[in-house]
Amino acid sequence: MLVRQLIGRTLSGTVTMCAGPFRSVLNMLHRPQWETAMIAPLPAVDMRVICAGHVNWDVTLHVDHLPKPDGEGRITDRSQSSGGSASNAAVALAGLDADPLVLGSVGRDDHGTMARRELAATGVETLLIESDEATAVKYLIVDENGDVAVLGNDGANEAFNASDLPAETLAEADHLHLTGQNPTTAATLARDAAAADVPVSFDPGRRLPYRDYSSVLSHAEILFCNDREADHARDSGLFETVPTVVVKHGDCGATAHIGDQTVTNAGYPIESVDTAGAGDAFAAGYLLASAQETDPERALAVANACGALAAQSSGARTTLDWESVWELVDSGQPPETA
Ligand SMILES: Nc1ncnc2c1ncn2[C@@H]1O[C@H](COP(=O)(O)OP(=O)(O)O)[C@@H](O)[C@H]1O
Ligand SMILES: O=P(O)(O)OC[C@H]1O[C@](O)(COP(=O)(O)O)[C@@H](O)[C@@H]1O
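Residues numbered from 1 in each chain as written. Chains lettered and ligands numbered in written order. Predicted model: local features only at pLDDT ≥ 70, side-chain atom pairs only at ≥ 80, totals over all residues. Heavy atoms only, no water.

With an unreviewed UniProt entry as reference, the protein is termed Phosphofructokinase, source organism Haloarcula marismortui. In the Sequence similarities (unreviewed entry) part of its UniProt record, the protein is described as follows: "Belongs to the carbohydrate kinase PfkB family." (UniProt positions renumbered as here; feature names shortened; annotations may be inferred.)

Spelled out as structure tokens, the structure:
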């Protein structure tokens with residue numbers, strides 16, 4: 001279960017230790033925004049998070065601009081890696097010392113093998129069902145501002161079922177994080193988790209307007225969405241069904257609606273290279289930070305730092321680490337290289 005490591009708790013802000021992990025405590029205490037929030041947590045080590053959703057193969061094309069019909073853009077860079085929101089979130093969680101498990105599905109093909117291999121290499125445990133369909137391939141077109149358009153097919157990425165997750169594995173988890181997937185699968189997983197007292201978060205992603213996820217949200221504690229998705233969620237009454245809604249504002253940070261309380265954090269001024277995976281890294285940071293019983297603004301500050309670090313690097317996969325996260329939270333300035 002979750003091991004909570006609260007290392008510094010003070011009302012006066014006087015902390016005498018400043019080496020190693022205590023450095024970040026000191027730095028935070030020196031920042032005006034933390035003056036009234038004196039709890040400085042270490043990462044939630046060992047937090048067991050099951051991430052259920054898509055495992056994809058991403059082909060990323062950086063272009064000088066997105067062409068209009070009959071126009072032509074220039075490809076400035078091209079790369080490939082494993083992607084899919086569930087596995088991106090799991091990789092971010094692993095970088096932040098949590099203990100993620102990905103539930104998803106891939107094809108019996110090279111992309112599936114490589115996706116498995118990449119997840120294993122980053123310390124993510126997997127429960128990947130093999131399908132006769134091909135591993136889903138997504139083409140991510142990244143423009144000069146780091147904004148992303150996606151072309152894709154479904155392939156194997158929704159072949160898994162809720163019954164593929166053993167009940168005891170779910171019951172032993174600290175958290176279930178659901179990303180975009182088949183609504184019935186997600187609703188069953190959410191219901192089973194709620195019955196086992198495992199908190200559920202849901203980040204439905206860009207297909208939210210096209211799928212009915214209301215049954216998932218009735219069991220979820222946190223809904224993550226970006227501004228576009230939030231408009232849809234608000235209009236369709238989904239905001240009211242979840243205790244906490246966290247809205248991501250891209251380069252303008254994020255807002256958390258927690259019951260009657262609204263908390264905002266403006267994010268960080270970084271040079272955006274590729275925002276793919278920023279939302280997944282953001283969710284990983286928020287889940288770990290908010291599990292520490294601290295000021296909710298701090299959870300948002302950590303989440304925004306994770307999102308910003310992801311947006312600073314190419315590809316949807318970001319190898320996060322707490323040192324980089326705290327450096328950004330503490331200084332408000334991005335490290336030279338993410
Ligand atoms: N250009 C950017 N500058 C700074 N932070 C960013 C930028 N783009 C994304 N982020 C961070 O990543 C988070 C998620 O990005 P966003 O694009 O809003 O969501 P999604 O990737 O889910 O569509 C933001 O809330 C923010 O913390
Ligand atoms: O920008 P986001 O929402 O964090 O997601 C990035 C991911 O989006 C995708 O293009 C599509 O992901 P999903 O199939 O999980 O919706 C991934 O392949 C990519 O890694």
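(A) Spotlight on the overall build of the protein. Looking only at helices and strands, the protein features 10 helices and 15 strands. Out of the 338 residues in the protein, the part that is buried amounts to 53%. Of the roughly 14,900 Å² of accessible surface on the protein, 48% is carried by carbon and sulfur atoms. (Helix = DSSP H or I, 4+ residues; strand = E, 2+ residues; numbered from the N terminus. Buried < 20%, exposed > 50% of the residue type's maximum accessible area, 1.4 Å probe, protein only. Areas by Shrake-Rupley, 256 points an atom, 1.4 Å probe, with all protein chains shown as cover.)

(B) Molecular detail of the pattern of salt bridges. As enumerated under the stated definition, the model contains 11 salt bridges in all. With its nearest N and O atoms 3.3 Å apart, the salt bridge here joins R48 to D99. Taken together, the residues R48 in strand β3 (residues 48–52) and D99 in strand β6 (residues 99–107) connect sequence positions 51 residues apart. Assessed through its relative accessible area of 13%, R48 is described here as buried. Residues D203 and K248 are paired through a salt bridge, measuring 3.3 Å at the closest nitrogen-oxygen approach. Residue D203 is located in strand β11 (residues 200–203), and its partner K248 is located in strand β13 (residues 244–248); the two are separated by 45 residues in the primary sequence. Residue classification places K248 among the buried residues on the basis of a relative accessible area of 12%. Each of R108, R116, E130 and D132 takes part in a single network of salt bridges with overlapping partners. (Salt bridge = Lys/Arg side-chain N within 4 Å of Asp/Glu carboxyl O.)

(C) Quick look at the packing of helix α8 (residues 278–290) against helix α9 (residues 296–311). Following both chains from N to C, one finds α8 and α9 inclined at 155°, their axes separated by 7 Å at the closest point. By the angle between their axes, α8 is roughly antiparallel relative to α9. Judged by the twist between their axes, the crossing of α8 over α9 is right-handed. Of the residues in α9, those in contact with A278, A281, F282, G285, Y286, A289 and S290 of α8 are A299, L300, V302, A303, N304, C306, G307, A310 and A311. Within the contact of α8 with α9, the residues separate by chemical class into 12 nonpolar, 4 polar and no charged. (Axes fitted to C-alpha atoms, helices over the stretch in contact; angles between N-to-C directions. Parallel < 35°, antiparallel > 145°, perpendicular 65-115°, else oblique. Left-handed = near helix turned anticlockwise from the far one by under 90°. Contact = heavy atoms within 4.5 Å. Nonpolar A, V, L, I, M, F, W, Y, C, P; charged D, E, K, R; others polar.)

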